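One letter stands for each residue in the lines below.
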Amino acid sequence: FPSHDNAAGKEAYEGDLLQHELLVKKETDQLGVLAGASTDHENFELSNVEKTFDLSSGFLQTSLKTSSVNFQAGGRYDYHSRYGSFQTGSVGMKVSALSLQYSQGYKAPSLYQLYAPPLFGGPIGNNDLVPERNHSLESKLAIHGEVFKSEISLFQNRLSNLIIVTGK
């Protein structure tokens, strides 16, 4: 995180984000597997406030292709040092010209979003924030003719606890 002075010029914050990620991927003509693990360590310092977060994650995604159906499913497990455990998943399939996909998401607020000092007279940090969550559903119909190609997509994305940072 960069340093900023607030409107009065009296406080600045310093922070770091350290990430590690390991991915393993294996694919054949019919089966695919993607697995991984990651860790994030975030620290934040401001005057007399020093905070750290740790996030550990693991995920697995598989896909299966047959002559008539493509299917995929995946799951993710996250452990956040402040917010605890979260599990998310996704599932999708494609049959001929029609595809359907459902997925979930999760994002914890950053230390900056929680503790940043007022900037230009307006509040920035909010210690009451909770993780964002989302559920999305998508369907697509693809029509391929000899002369044209057309796709129609419909999607719905439901967000809860959306984090928005605004200034004055």
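Each residue is numbered by its place in its chain's sequence as written, counting from 1. In keeping with the predicted nature of the model, local features appear solely for residues at pLDDT of at least 70, side-chain atom pairs appear and are counted solely at 80 or more, and the whole-chain, interface and lining totals rest on all residues. Water and hydrogen atoms play no part in the side-chain values, which are based on all heavy atoms of the structure.

1. A word on the pairing of strand 3 (residues 49-65)
Side-chain direction in a regular strand flips from residue to residue, so the side chains alternate between the two faces of the sheet.
Link 1 in the chain: Alignment of strand 2 (residues 31-46) against strand 3, held across 16 bridges, turns out to be antiparallel. When the bridges of strand 3 are listed, valine 33 appears paired with threonine 62.
Link 2 in the chain: For two strands to be treated as a pair, DSSP must find at least two bridges joining them. A run of H or I in DSSP becomes a helix once it reaches four residues, and a run of E becomes a strand once it reaches two; helices and strands are each numbered from the N terminus. Linking two consecutive strands that pair antiparallel, namely strand 2 and strand 3, is a turn of two residues; a positive phi of about 45 degrees is found at serine 47 within it.
Link 3 in the chain: Alignment of strand 3 against strand 4 (residues 69-80), held across 11 bridges, turns out to be antiparallel. Residue pairing for strand 4: phenylalanine 59 is matched across the bridge by arginine 76.
Link 4 in the chain: From the end of strand 3 to the start of strand 4, which pair antiparallel, there are three residues.

2. Here we look at the environment of leucine 114
Link 1 in the chain: Within the element layout of this structure, leucine 114 appears in helix 1 (residues 111-115).
Link 2 in the chain: To sort residues, take the accessible area from a 1.4 Å probe on protein chains only and compare it with the maximum for the residue type: under 20% means buried, over 50% means exposed, and anything in between is partly exposed. Among the residues examined, leucine 114 registers a relative accessible area of 2% and is labelled buried.
Link 3 in the chain: The spacing of leucine 114 and asparagine 127 is 13 residues in sequence and 4.6 Å in space, taken between C-alpha atoms.
Link 4 in the chain: Dropping the residues within four chain positions of it, leucine 114 is found in contact with Phe53, Arg82, Tyr83, Pro109, Gly125, Asn126, Asn127 and Leu129. Only heavy atoms enter the contact rule, under which two residues are in contact if any of them lie within 4.5 Å.

3. Considerations on the layout of surface pockets
Link 1 in the chain: Points on a 1 Å grid, built from protein atoms alone, make a cavity when a 1.4 Å probe fits but cannot get out and make a pocket when they are open with protein on both sides within 12 Å along at least 5 of 7 lines; residues with an atom within 4 Å of a point are the lining residues. Grid points are joined across faces, edges and corners, and a volume is the space filled by probe spheres set on the points. Computed from the structure, the largest pocket encloses a volume of approximately 470 Å³.
Link 2 in the chain: Looking at the largest pocket, it is lined by 29 residues, and the ones nearest its centre are Asp40, Leu55, Arg76, Tyr106 and Lys107.
Link 3 in the chain: Of all the elements, strand 3 adds the most residues to the lining of the largest pocket, at seven residues.
Link 4 in the chain: Residues are grouped as follows: Ala, Val, Leu, Ile, Met, Phe, Trp, Tyr, Cys and Pro are nonpolar; Asp, Glu, Lys and Arg are charged; all remaining types, including Gly, are polar. Broken down by class, the residue content of the lining of the largest pocket amounts to 10 nonpolar, 13 polar and six charged.
Link 5 in the chain: For the second largest pocket, the calculated volume is near 170 Å³.
Link 6 in the chain: For the second largest pocket, the lining is made up of 14 residues, of which Gly92, Met93, Lys94, Ser99 and Gln101 are closest to its centre.
Link 7 in the chain: When contributions to the lining of the second largest pocket are tallied by element, the ones reaching two or more residues are strand 3, strand 4, strand 5 (84-95), strand 6 (98-107) and strand 7 (132-144).
Link 8 in the chain: Partitioning the lining of the second largest pocket into residue classes produces three nonpolar, seven polar and four charged.

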